[in-house]
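These are the residues of each chain, in order.
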Amino acid sequence: MTVAPSEALTPSEYIVHHLGHFATGHQSKIVDFSIINIDTIFWSVFAGVLGCLLMYVAARKATAGVPGRFQAFVEMVVEMVDDQAKGIVHGDRSFIAPLALTVFVWVALMNSLDFLPVDMFSSFFKWVGLDSVISHHRVVPTADLNGTMGIALGVLVLMLYYSFKIKGIGGFLHELVAAPFGIWLAPANLLLNIIEFAAKTVSLAMRLFGNMYAGELLFLLIALLGSTATAFGVVGHVIAGSIWAIFHILIVLLQAFIFMMLTLVYIGQAHEAH
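Going by what an unreviewed UniProt entry lists, the chain is known as ATP synthase subunit a and is assigned to Collimonas arenae. In its Function (unreviewed entry) section, the UniProt entry covering the chain states "Key component of the proton channel; it plays a direct role in the translocation of protons across the membrane." Its UniProt record, at the heading Sequence similarities (unreviewed entry), says of the chain: "Belongs to the ATPase A chain family."

Undergrad: Pulling in residues and values, what's your account of helix α1 (residues 11–18)?
TA: Two residues of an α-helix separated by three or four positions point the same way, owing to the 3.6 residues in each turn. Within the sequence span of α1, burial applies to Tyr 14, Ile 15 and His 18. When α1 is viewed along its axis, its buried side chains cluster within an angular range of 95° and face the same direction.

Undergrad: Lay out the environment of Met 212 with the relevant residues and their values.
TA: Within the secondary structure, Met 212 is located in helix α7 (residues 186–227). Using a relative accessible area of 0% as the deciding quantity, one classes Met 212 as buried. Apart from residues no more than four positions distant in its own chain, Met 212 is found in contact with Asn 111, Asp 114, Val 140, Thr 142, Ala 143, His 248 and Val 252.

Undergrad: Residues and numbers for the packing of helix α3 (residues 69–88) against helix α4 (residues 96–112), please.
TA: For any two helices packed against each other, one specifies the crossing angle of their axes together with the interaxial distance. Two numbers describe how α3 lies on α4: the axes approach to 9 Å, and their chain directions differ by 125°. As summarised for this structure, α3 and α4 are arranged oblique, according to the angle between their axes. Of the two elements, α3 crosses α4, and the hand of that crossing is right-handed. Every residue of α4 that contacts α3 at Val 77, Val 78, Met 80, Val 81, Asp 82 and Ala 85 is listed here: Ala 97, Ala 100, Leu 101 and Phe 104. Looking at side-chain class alone, the contact of α3 with α4 contains nine nonpolar, no polar and one charged residues.

What counts and what doesn't
- Here the residue index of a chain counts from 1 through its sequence in written order.
- Predicted model: local features are reported for residues with pLDDT of at least 70 only, side-chain atom pairs are reported and counted for 80 or more only, and whole-chain, interface and lining totals are derived from all residues.
- Side-chain descriptors were evaluated using all non-hydrogen atoms of the structure, hydrogens and water having been removed beforehand.
- UniProt positions are given in the numbering used here, feature names are shortened, and annotations may be inferred rather than shown by experiment.
- Remark: exposure states derive from per-residue accessible area (1.4 Å probe, protein chains only) relative to the maximum for the residue type, with buried under 20%, exposed over 50%, and partly exposed in between.
- Numbering of helices and strands runs from the N terminus; a helix is a DSSP stretch of H or I covering at least four residues, while a strand is a stretch of E covering at least two.
- In this description, one arc is meant: the one made by directions from the helix axis to the C-beta atoms.
- By definition, residues are in contact when any of their heavy atoms lie within 4.5 Å.
- The convention used is that axes are lines fitted to C-alpha atoms, helices contributing only their stretch in contact, and that angles between N-to-C directions extend from 0 to 180 degrees.
- Each angle receives one of four descriptions, namely roughly parallel if under 35 degrees, roughly antiparallel if over 145, roughly perpendicular if within 65 to 115, and oblique otherwise.
- The sense of a crossing depends on the near helix, which, turned anticlockwise from the far helix by less than a right angle, makes the crossing left-handed and, turned clockwise, makes it right-handed.
- Three classes are used, and their members are as follows: Ala, Val, Leu, Ile, Met, Phe, Trp, Tyr, Cys and Pro are nonpolar, Asp, Glu, Lys and Arg are charged, and the others, Gly among them, are polar.

Quick look at the structure:
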């Protein structure tokens, strides 16, 4: 959803302002671990806690009789995730299926924050007199590469964990140097496997970030359309905003599903020997 931007800013200044983070400092380098995006961390935790509460309420109110709408929806999601886990991961799924469900719900909720009005928080901070303290604020954690990379690194840790757990330390290390070309090309095999792990992690993060960043940017452009003092701008703002919001529902759920599926695929590959 969108609202008209402040008239005090030019279009370029408006977009730059809304793409800035409430952080512990100004990032001037591509990689700077001393900078923490506080808004990304806050809304990531918020979405995680909200997801846990929703699942808890669904479990507490679950009945053996005819389920209500909320219970039926949750059961449908759980069954969908469990079916995907069964088809991809062969072995003990007592932890993996709940993990996939957590990933799907968490990412879907973080993506859904994109439906909040783009100027809602800046207007609120200005209203309560905190605009000088919180001058920038972004509400969608998955539109921040730092957020998606953090989740992808978590998936990488799980890939390595299950590789060691299923194959053993010796088996996994042997696979790193022996697959896919044989032990005689150990250096090439090791380099190729390291690149593969890095590519999986980066592509997992970039895919989600790219789609959500583009969606957020389009909402900002629609908000700028509504700021024009013409009938075309106002009508176009309402029509374009409504159409994009409806279409964005599909993107939000699809990106959460793709992220969950790739997580299952990567962990499933850790269960298989080359």
